[in-house]
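Each chain, written out:
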Amino acid sequence: MSSQGIILADLDGDRTWRLADYVKRGGYEALKKIIAEKIPADEIIGEVKKSGLRGRGGAGFPTGLKWSFMPRAFPGAKYLACNSDEGEPGTFKDRDILRYNPHTVIEGMIIAGYAMGCERGYNYIHGEIFEVYDRFEEALAEAREAGLLGRNILGSDFSFDLFAHHGYGAYICGEETALLESIEGKKGQPRFKPPFPASFGLYGKPTTINNTETFASIPYIIREGGDAFLALGKPNNGGTKLFSVSGHVNKPGNYEIPLGTPFSVLLEMAGGIRGGRKLKAVIPGGSSAPVLPGAVMMDCTMDYDSISKAGSMLGSGAVIVMDESTCMVKALERLSYFYFEESCGQCTPCREGTGWLYRVVHRIENGLGRPDDLDLLNSVTANIMGRTICALGDAASMPVQSFVKHFGDEFAFHIEHKKCLVPPQVQYEGSKIYVA
Amino acid sequence: MLEIEIDGKQLQVSDGSTVMEAAATVGAYVPHFCYHKKLSIAANCRMCLVQVEKAPKPLPACATPVTNGMKVWTHSEQAVKAQKGVMEFLLINHPLDCPVCDQGGECQLQDLSVGYGGAQSRYEEEKRVVGNKNLGPLVSTDMTRCINCTRCVRFTTEIAGLMELGQAFRGEHAEIMPFVEKTVDSELSGNIIDLCPVGALTSKPFRFAARAWEMSRRKSISPHDSLGSNLIVQVKHDVVKRVLPLENEAVNECWLSDKDRFSYEGLNGEDRLKRPMVKQGGAWIETDWQTAMDYVVRGLKGIRADHGPESIGALGSPHSTLEELFLLQSVVRGLGSGNVDFRLRQSDFSADGRMKGAPWLGMSVSEIAGLDRLLIVGSFFRKDHPLVAQRVRQAVKKGLKVSAINPAFDDWQFALQNQLCVSPSEMSAALAKVLKALVEQGSAALSPEFQALVDSVQVDEQALAIARSLGSGRRVAVWMGNYAVQHQDGVALHALASEIARLSGGRFGVLGEAANSVGGYLAGAVPFGAVSGKNASEMLSTPLKAYVLLGIEPEFDLRDAVAARKAFGAAEMVVMLSAFKFEEALGYADVMLPVSPFTETGGAFVNCEGRTQSFHPVVKNTGDSRPAWKVLRVLGEALGLGNFDYESVDAVRAQILGASGSVDPFRLSNDIDIEPLNPAGVSQGLQRVADIPIHFADPLVRRSAPLQATKDSEAPFARISPATLKTLGLNAGDKVVVRSVSGSATVVVSEDEGVAAGCVRLAAAHSSTWALGSLNGEVSVERI
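For clarity, every value in this text was computed on a predicted model and none was experimentally measured. (Residues numbered from 1 in each chain as written. Chains lettered and ligands numbered in written order. Predicted model: local features only at pLDDT ≥ 70, side-chain atom pairs only at ≥ 80, totals over all residues. Heavy atoms only, no water.)

What about the domain arrangement of chain B?
Size of an interface, as often reported, equals the accessible area lost when the parts are brought together.
Turning to step 1, where the next piece is worked out: The assigned domain composition of chain B is domain 1 (2-92), domain 2 (277-350 + 517-663), domain 3 (365-510) and domain 4 (687-783).
Turning to step 2, where the next piece is worked out: Look at where the C-alpha atoms of domain 1 of chain B and domain 3 of chain B centre, and you get two points 45 Å apart. (Domains from an automatic or database assignment.)

As for the side chain of A:Ser325
All names here are of chain A.
Turning to step 1, where the next piece is worked out: Its place among the elements puts Ser325 in the loop between strand E12 (318-323) and helix H14 (328-342).
Turning to step 2, where the next piece is worked out: Reaching out from Ser325, the side chain makes a polar contact with the side chain of Asp323 at a distance of 2.6 Å.
Turning to step 3, where the next piece is worked out: Those residues in contact with Ser325, other than ones at most four positions away along the chain, are His248, Arg277, Val422, Val426, Gln427 and Gly430. (Helix = DSSP H or I, 4+ residues; strand = E, 2+ residues; numbered from the N terminus. Polar contact = N/O pair within 3.5 Å; in protein donor to acceptor, adjacent residues only side chain to side chain. Contact = heavy atoms within 4.5 Å.)

What to know about the interface of chain B and chain A
Turning to step 1, where the next piece is worked out: Listed per partner, the contact involves 34 residues of chain B and 31 residues of chain A.
Turning to step 2, where the next piece is worked out: In total, chain B and chain A occlude about 2,900 Å² of area from one another, counting both sides; carbon and sulfur atoms represent 50% of this.
Turning to step 3, where the next piece is worked out: Taken together, chain B and chain A are joined by 5 salt bridges.
Turning to step 4, where the next piece is worked out: Across the salt bridge formed by A:Glu352 and B:Arg128, the nearest N and O atoms sit 3.0 Å from each other.
Turning to step 5, where the next piece is worked out: The tally of links between chain B and chain A comes to 21 residue pairs in polar contact (both at pLDDT 80 or more).
Turning to step 6, where the next piece is worked out: By residue number, the principal contributor to the side of chain B that touches chain A is helix H2 (residues 77-92) of chain B, which donates 8 residues.
Turning to step 7, where the next piece is worked out: Partitioned by chemical class, the residues of the side of chain B that touches chain A number 17 nonpolar, 7 polar and 10 charged. (Buried area = accessible area lost by both parts, 1.4 Å probe. Salt bridge = Lys/Arg side-chain N within 4 Å of Asp/Glu carboxyl O. Nonpolar A, V, L, I, M, F, W, Y, C, P; charged D, E, K, R; others polar.)

Topic: the UniProt feature "domain: 4Fe-4S Mo/W bis-MGD-type" (unreviewed entry) in chain B
Turning to step 1, where the next piece is worked out: What UniProt calls "domain: 4Fe-4S Mo/W bis-MGD-type" (unreviewed entry) maps, in this numbering, to residues 215-271 of chain B.
Turning to step 2, where the next piece is worked out: For residues 215-271 of chain B, the end-to-end C-alpha separation is 26 Å, with 9% helix and 35% strand making up the annotated structure. (UniProt positions renumbered as here; feature names shortened; annotations may be inferred.)

Describing the pattern of salt bridges
Oppositely charged side chains can pair when the atoms bearing their charge come close.
Residues and elements named next belong to chain B.
Turning to step 1, where the next piece is worked out: This model, assessed by the stated rule, comprises 75 salt bridges over all chains.
Turning to step 2, where the next piece is worked out: Across the pair Asp194 and Arg261 runs a salt bridge, and its minimum N-O distance is 2.8 Å. Note that Asp194 is positioned in helix H5 (residues 191-195) and Arg261 in helix H6 (residues 258-262), a separation of 67 residues in sequence.
Turning to step 3, where the next piece is worked out: Salt bridges sharing common partners tie together Asp271, Arg345, Glu513, Glu553, Asp557, Arg702 and Arg703.

A closer look at the environment of B:Ser220
Residues and elements named next belong to chain B.
Turning to step 1, where the next piece is worked out: Within the secondary structure layout, Ser220 lies in strand E10 (residues 216-221).
Turning to step 2, where the next piece is worked out: On the basis of relative accessible area, Ser220 is assigned to the buried category, the value being 2%.
Turning to step 3, where the next piece is worked out: Once the C-alpha coordinates of Ser220 and Gly603 are considered, the two residues, 383 residues apart in sequence, prove to be 10.0 Å apart.
Turning to step 4, where the next piece is worked out: Discounting chain neighbours no more than four positions away, the residues touching Ser220 are Ser229, Asn230, Leu231, Val233, Phe598, Phe615 and Val618. (Buried < 20%, exposed > 50% of the residue type's maximum accessible area, 1.4 Å probe, protein only.)

Concerning helix H19 (residues 424-431) of chain A
Residues and elements named next belong to chain A.
Turning to step 1, where the next piece is worked out: Along H19, the positions that sit buried rather than exposed are Gln427, Gly430 and Ser431. All buried residues of H19 lie within an arc of 80° about the axis, which places them on one face of the element.
Turning to step 2, where the next piece is worked out: Lys432 sits one or two positions beyond H19 and adopts a positive phi of about 60°. (Arc of directions from axis to C-beta.)

Re the packing of aromatic side chains
Turning to step 1, where the next piece is worked out: Across all of its chains, the model carries 29 aromatic pairs over all chains by this definition.
Turning to step 2, where the next piece is worked out: Seen in terms of ring centroids, A:Tyr220 and A:Phe229 are 6.2 Å apart; in terms of plane orientation they differ by 55°. Their pairing is tilted. By the burial criterion, A:Tyr220 is buried, and A:Phe229 matches it.
Turning to step 3, where the next piece is worked out: An angle of 75° between the planes, with centres 4.8 Å apart, marks the rings of B:Tyr547 and B:Phe568 as edge-to-face. Taken together, the residues span a long stretch of sequence, with B:Tyr547 in strand E22 (residues 546-550) and B:Phe568 in helix H19 (residues 561-570) at a distance of 21 residues. (Phe/Tyr/Trp six-rings, centres within 6.5 Å; stacked < 30°, edge-to-face > 60°.)

In structure tokens:
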């Protein structure tokens, strides 16, 4: 964990997740300022817009704009939801935020509730992280005790309560409408949109869903101003961002850096490639982002625009680094298996197509590939993409398309020679785990 | 209105329409599986993807709302490519076992695969296999064929009102299944067979009985409940193979109750009566029509000569056609008697002669959708009127508030705003309380006949809540259920409910027990009017010398089976016109004449809303059986009664309804000249509440083996509320003897919170309970 930013800054001490420690770091000042100065909701949303903060969950939608979609004069309940259902392979940032700095998320959500007129929020925490859930519950209890949550916060007439909801570990529940279904106690399956959650969300009421890291950025924006946050990054890519660097690097972990930092710098922070090998490929934004060849990646800066221009997505900021010992067919097989297992089964192309993709990649990896299999993969992914209810179909297809596009020769070699282009011994030395 | 263009055609559609609905209006067919006009939108099959201008990707027509100026192409290259892509996905795991699939020939997937599927599959991996589920005796499963469209899931949740199916597991492992160890027990369950677009859910009774293209489709009308669902009867080699709904938005929409759909299984059982039979010297012999008719004519003439015409009476089933009931009463009146009735389970006939017309629903069933307040009095509503209840369920979702006053409640699968549970003897007082509360709200003046009764009661909170509910409505209805009509104070309940409707500015209606509960009045099959006589109750309590019974199984279809058996046993002659050889009746009947069930005869039923629905025979006569209208016509002529020379069933109908063939509205009325109502005493003893379970209600449905295997056909329990169980010192599961003044029944006790205190709910129309006699009155319960 390393930070040049705001969320993971100053977390080197002991028990940094405690309320007292958070307050020492300037915590809840933003909230106190809002309450004391009675800052109007519009002004807060304006500040968030000014900051250039974009959704940190993967889609990168401007947060201020999203907040402004919430109907103002809606009679009755409105809800806020935090998406901590971090299930994307390669992503492990939200759990660290909740583990070491839960109060910044709580403060961010209280401010969001204030700005959008919600009296109730839920934090949906991924089902496979237990201690984090417990720690967040402890933080909620501390906040309630201190009068920061509940009725009449800090003596004002603003009330907001926040609850943690522990999921069961399904990847699909990270899709915002599936997350809402899951909170409602139903099977986690995405809803057809429109209507969007801002008009028909949790229990049919207007609802805003943001990522954990997004909420965690809010207190800084209010405390220091939107401009200050924007200045941390670069235009249209305001602020700092957490990157979960994993794979063949010496120091895998979470790194908070200003958006716009060159990839090479991030790689260096993570200790460079293990064993001094060459960089082969990088998935820059979580497993559903298209893979980029190492050379392309070395020219990118870590921000939404640069990565998008290079043909991939910044996504959730999960940087999966693969060196030359990687068999790209094996890597894709593992990814495709993930999407096959995590498809919710609701709509046809994804339910049937993800299994088909996995089986074709699986047979190529196992020496049973056929000459036209690459065309078949491209055709099946084309039939899935853009035809499904949610983005999981696209997420399953993009890795396949990009692996075949950038590393087609490796797949062709597999099909023709019924073995890996990368010799098994090299693969083993790279991973020390895998034996081909 | 929005202006849009579909496939180059300009059209105007209303706000909020979907592209699918708009396309239908210009005749552009968009292929689909999960979309169904009566169900919520799921958009999960993705087959209806169409191209929309400015949209970057194809959009599902079923879920895309129309916007002004939208341009849609349903069959453009982009659209068809998307549709074909989806079809390929649907087929990769589908077994393609059409040659052995019951759905073959009427399968949406099969049909659409012709247009959108490839000649050969690109998928050569192993296919998915899904284990079959036990959904009960009506629906057969082949779940490997399932395409997960979730129509069945949405049907049980939204239309039938209880989620009995769901999609378990994820992704490729997703399966449609009932809850663990449960079956689908809804009385509307058969509709999921129609809804399933593939062969995953098929009819269990019909399984492998015929191919869809081998059968002819013939229209008919259901002879069971008072709705008169429209049927398609499918026939092969003159045998009814299955029954499907004939879509009629005004009546049954596209649904059927299981009773309507599967009762045909009872048509051709072993006890089907195929030849006339007469009893000679205590032994039954089969004979020909001539001999049997001679026997009947001689017998009736003799009895008339010896004991006078008033010693002859006839009882007709309310499931008989209009023409049959008319000719039955014509024969009786021709003989000079007025003893004819079709209200077999009714006990209060004090309104006879004071009714202004035939009691009916007071509105059309399609008007239910517009109601905002409804009071239902004395009804086992969901099971007695499955599809009317379904309409109410949909209306409740749109804001209809329903209140009910009953001695026993089941779960109706929709929310009741007020639920007033009182014992049978307190029902009129309960209605009087509501009436009093309405008067106190000051909407209109009370008719003086009710004053004494209203003065005798105190308004309580529940009555006030119902009155407030009705008073706040703009389109209000008050309905009498079958239980209220059969109640010992039926006329008082009718008058009170009608007055409640009047004071709340609403309409009053009678739901009606059977397919021809309205028609029986119009046919004159009642002991008042031209020649008056004894009603159904009196004919049993003061025995006659001769009885003619049309379509009646006395132990199950009459109010008091014990009195009936006594009366019939003492009579000189009992003539039964029936489609079935009733085992019990062999003891006391003298002649059994085989008449046609609804599939073999023509005629008409008048349903609860006064709609005349005629039908033709769909198969030939079985054995020597003949349509009852012909038998009665010949009987009338043979008796020398004159005016029986009808050449067709249509001519008989014209005699009843006039040339128009439909009911003159003025002949329908729920008004009665009432006499002042006085408070009735409240019974102190344990009272019986008898329901007529859905699959026990008439002789045909009682013979349908698959329906008799459903949960609804379980042997009756003595259902008692927990508090009353405690006072009686009984526990659920105890075996008890229930005793009435007429006899006793041995049954098992079950705890039922829906039953009023001091009552035992014990179903009638079953072999284990007919010996109790009357449907109501006091009983005792004793553990054995």
